[in-house]
Amino acid sequence: MIHADLSDRQDGWREQLWTRQLAQDRFEVTCLPFFTYGICYLDVVTIDSNHLVASVVQKSGHRTLRVALVADHQDRDQLHELLHGKVVEAALPHEWLQGTYLSVDLPPGADPAALTEALKAPAQAGALHWEIDS
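Scope of this entry: the structure provided in the associated data block. (Residues numbered from 1 in each chain as written. Predicted model: local features only at pLDDT ≥ 70, side-chain atom pairs only at ≥ 80, totals over all residues. Heavy atoms only, no water.)

## As for the pairing of strand β9 (residues 101-106)
- When you tally the buried positions in β9, you get 5 out of 6 residues, the bulk of the element.
- Of the strand pairs in this sheet, strand β7 (residues 63-69) and β9 are connected by 6 bridges, and their pairing is antiparallel. By the bridge assignment for β9, Leu65 is matched with Val104.
- Following strand β8 (residues 94-97), the chain reverses through 3 residues before pairing antiparallel with β9; Gln98 in that reversal takes a positive phi of roughly 55°. (Buried < 20%, exposed > 50% of the residue type's maximum accessible area, 1.4 Å probe, protein only. Helix = DSSP H or I, 4+ residues; strand = E, 2+ residues; numbered from the N terminus. Pairing = 2+ DSSP bridges.)

## What about the packing of helix α1 (residues 76-89) against helix α2 (residues 113-124)?
- In contact at an axis separation of 10 Å, α1 and α2 are set at 165° when each is read in the N-to-C sense. Considering their axes alone, α1 and α2 lie roughly antiparallel with respect to each other. Note on packing geometry: the crossing formed by α1 with α2 is left-handed. Contacts from Leu79, Leu83, Lys86 and Val87 in α1 reach Leu115, Ala118, Leu119 and Pro122 in α2.
- Looking at the contact of α1 with α2 residue by residue, the class counts come to 7 nonpolar, no polar and 1 charged. (Axes fitted to C-alpha atoms, helices over the stretch in contact; angles between N-to-C directions. Parallel < 35°, antiparallel > 145°, perpendicular 65-115°, else oblique. Left-handed = near helix turned anticlockwise from the far one by under 90°. Contact = heavy atoms within 4.5 Å. Nonpolar A, V, L, I, M, F, W, Y, C, P; charged D, E, K, R; others polar.)

## Describing the pattern of salt bridges
- One pass over the structure, following the stated rule, counts 6 salt bridges.
- In this structure, Glu28 and Arg20 form a salt bridge, with 3.0 Å as the shortest nitrogen-oxygen distance.
- For Arg20, a relative accessible area of 46% corresponds to the partly exposed category.
- Among the ionic contacts, a cluster of salt bridges with common partners joins Arg66, Glu131 and Asp133. (Salt bridge = Lys/Arg side-chain N within 4 Å of Asp/Glu carboxyl O.)

## A short note on unusual backbone geometry
- At Leu42, a position not held by glycine, the phi torsion is positive, near 70°.
- Secondary-structure assignment places Leu42 in the loop between β4 (26-29) and β5 (44-47).

## Comments concerning the side chain of Glu28
- Positionally, Glu28 belongs in strand β4.
- Using a relative accessible area of 15% as the deciding quantity, one classes Glu28 as buried.
- Leaving out residues up to four positions away in the same chain, Glu28 has contacts with Trp18, Thr19, Arg20, Leu22, Leu42, Asp43 and Val44.

## Comments concerning the packing of aromatic side chains
- Scanning all chains against the criterion turns up 3 aromatic pairs.
- Ring geometry for Phe34 against Phe35: centres 6.2 Å apart, planes inclined by 40°, an arrangement best described as tilted.
- The class of Phe34 is buried, set by a relative accessible area of 12%.
- Here Phe35 and Tyr101 contribute two aromatic rings whose centre-to-centre distance is 5.2 Å and whose plane-to-plane angle is 75°, an arrangement assigned as edge-to-face. Of the two residues, Phe35 sits in the loop between β4 and β5 while Tyr101 sits in strand β9, which places them 66 residues apart along the sequence.
- By relative accessible area, which is 18% here, Phe35 ends up buried.
- Its relative accessible area of 29% is what places Tyr101 among the partly exposed residues.
- One aromatic cluster in this structure is built from Trp13, Phe34, Phe35 and Tyr101. (Phe/Tyr/Trp six-rings, centres within 6.5 Å; stacked < 30°, edge-to-face > 60°.)

Okay, here's the thing in structure tokens:
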């Protein structure tokens, strides 16, 4: 396990990333990042002496679709169920954090159109925020 430094957003904040060690300072990311931009599933990164990501040395071609449900929105639980069903139906690897944050792996060639279409109306209603990172 290594960490990504997110202190530019909040002092002392880090995200832990599960990895597979390839060499002494090279790691392949084996999880779906929730908050770290520019790092996706199977990307290869280097670390510094504090086990913090220093750089991305090889991109995998995967992208990450991130969704943040508004915690106090009246439709949050229904949206959680809807989105969970959509990613399962699309057979896309995904992870939930605290039932509010969703990270979805978009392998090379994956078309997220059906999922992003389901996100548009709830986003316009202020029930969630979403983005795709590569």
